[in-house]
Amino acid sequence: MSSFLQQQDEEHGSGAEQEGEFTFEASPKKKEGIFQPGEKVEYELKIHNSYNLVQEGTLSYLVTDLKNKELGSKSMPIKLGKHANGKYAFTLPQQKDPGFYKVAFMINVTEYDDTLRRVYGFNTKQIKSTAARPVDFDDFWSDARAELNAVKPNFKVIEQPDMAQGGTSVYLVEAQSLGNLKVRGWLTIPKNLKPGKKLPVWLVLPGYGGIGVKPIFGNSELAILSFNVRGQGNSRDIVHPTKDGYLTTDIENKKKYIYRGAIMDCIRAVDFICSRPELDSTNIICSGGSMGGYLSIVTCSLDKRVKLCSANNPVFCDFRALQGNPDWPMSAIVKYSKDKYLPLNKLLDNLDYYDLKNFSGNLNCKALIGVSLLDNLAPPYNEYTMLNNIKSTPKVFVYPELAHEVPPSLFTYLSNWMMDEFGIF
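Residues numbered from 1 in each chain as written. Predicted model: local features only at pLDDT ≥ 70, side-chain atom pairs only at ≥ 80, totals over all residues. Heavy atoms only, no water.

Caption draft 1: Highlighting the layout of surface pockets. Approximately 1300 Å³ is the volume attributed to the largest pocket. If you trace the largest pocket, you find 45 residues lining it, with Asp65, Leu66, Lys67, Phe100 and Lys102 closest to the centre. Listing elements by their share of the lining of the largest pocket, those giving two or more residues are β4 (55-64), β7 (99-109), β8 (112-122) and α10 (380-387). For the lining of the largest pocket, the element with the highest residue contribution is β7, accounting for 7 residues. When the residues that make up the lining of the largest pocket are grouped by side-chain class, the tally is 19 nonpolar, 13 polar and 13 charged. Of the pockets and cavities examined, the second largest pocket occupies roughly 340 Å³. If you trace the second largest pocket, you find it lined by Lys30, Glu32, Ile34, Gln36, Thr124, Lys125, Tyr384, Leu387, Asn388, Pro394, Val396 and Val398. Within the lining of the second largest pocket, the residues separate by chemical class into 6 nonpolar, 3 polar and 3 charged. (1 Å grid on protein atoms, 1.4 Å probe; cavity = no way out; pocket = protein on both sides within 12 Å on 5 of 7 lines; lining within 4 Å. Points joined across faces, edges and corners; volume = space filled by probe spheres on them. Helix = DSSP H or I, 4+ residues; strand = E, 2+ residues; numbered from the N terminus. Nonpolar A, V, L, I, M, F, W, Y, C, P; charged D, E, K, R; others polar.)

Caption draft 2: Structural context of the confidence of the model for the protein. When the pLDDT values of the protein are averaged, the result is 93; 96% of them are 70 or greater. Scored below 50 in pLDDT, residues 1-17 shows 9 contacts in the model against residues more than four places distant or in partner chains. (pLDDT = per-residue confidence, 0-100. Contact = heavy atoms within 4.5 Å.)

Caption draft 3: Spatial organisation of the sheet that holds strand β2 (residues 34-35). Ordered in space as β2-β8-β7-β4-β5, the 5 strands form an open sheet in which the pairing is mixed. Only two strands of the sheet have a single partner each, and these edge strands are β2 and β5 (70-80). The pairing of β4 with β5 spans 10 bridges and is antiparallel. In the strand pairing of β5, Thr64 is matched with Glu70. Where α10 meets the sheet, its contacts fall on β2, β7 and β8, and the angle it forms with β7 comes to roughly 155 degrees. (Pairing = 2+ DSSP bridges. Axes fitted to C-alpha atoms, helices over the stretch in contact; angles between N-to-C directions.)

Encoded structure:
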């Protein structure tokens, strides 16, 4: 019997040999995954084999452009001992054109088969949009501001005692905005504020989806205004499209498009801040992620009263360059075009007035912007057409291994940066 069991172990491997795990990592030699002309595009691959088996097979890569055209590939044999670690390096082929490129790293060995997908940038400062900014872009938004200014804001501030936490009070804020539509937000400020003291203000804008933003409790030296534009959070009573429909509500009419009102709602939030004696209108930061990042950059581009801007993975950059992309937002725009029998180019003509790259040339305040290279909702190529239009020098943090997200460390940096700029220690 013992000889039979020994034979089975030799043929199929013992349980101890078959148990284990395999890890496979790929990281660019340059932390952010952005390479300049003359620099080698290098990646380091780390492999850990905890099996009690020798692993043999191949390690390879495939480089493509954003439309999946093959630009280079290579394969090498590898052999990894029992409970061993391995490090390998690949130098990818040099590219001529500025842009972003996809690379797939593939491993196929005895007990493991996997593919890691990464995106890297090359000569990104030279990325430019081929779509022109409308000649009347500034006039279009000046007219919107004038229309907003004609609406009496009728600000209301209503304390919410049941929502208070510790030493922080919560207030419901209401305002009339473009089209005489009521929009709302939440203001949190420290209790027992000393008479005459003015607090710097953190204006937080909502991401996409309708959930909106809720009261935020923060530093005792800071006021936080979480403001919901129309159709979001507690501003959904009149305008309340579906999640999928928000993007396309009145998209066929550039003067009635939902984002014209939403953007003016953000300006009205700044109006509110400037109307309050306890809020310091010279120290305002506007921030958000995804759609909130879009609204933050737009607000700071249109309204010079804002001192600081923070935006993570802002969407709606270079709509025309998204044509052919199967993901949102272009998927929703194409579907609406087909369902309503509207020419796609007509919708894109209207969206030129809402394209973030066309706003960012007017962004002059200090800015902190996070970009993730695996983001399919805010692709890095599109982000850089927007970034390269900014005439000032924003702080840009790039994350090569993240998608539509940023790490907690960026929020820590934002908090410290904001406190330093506001002189809060």
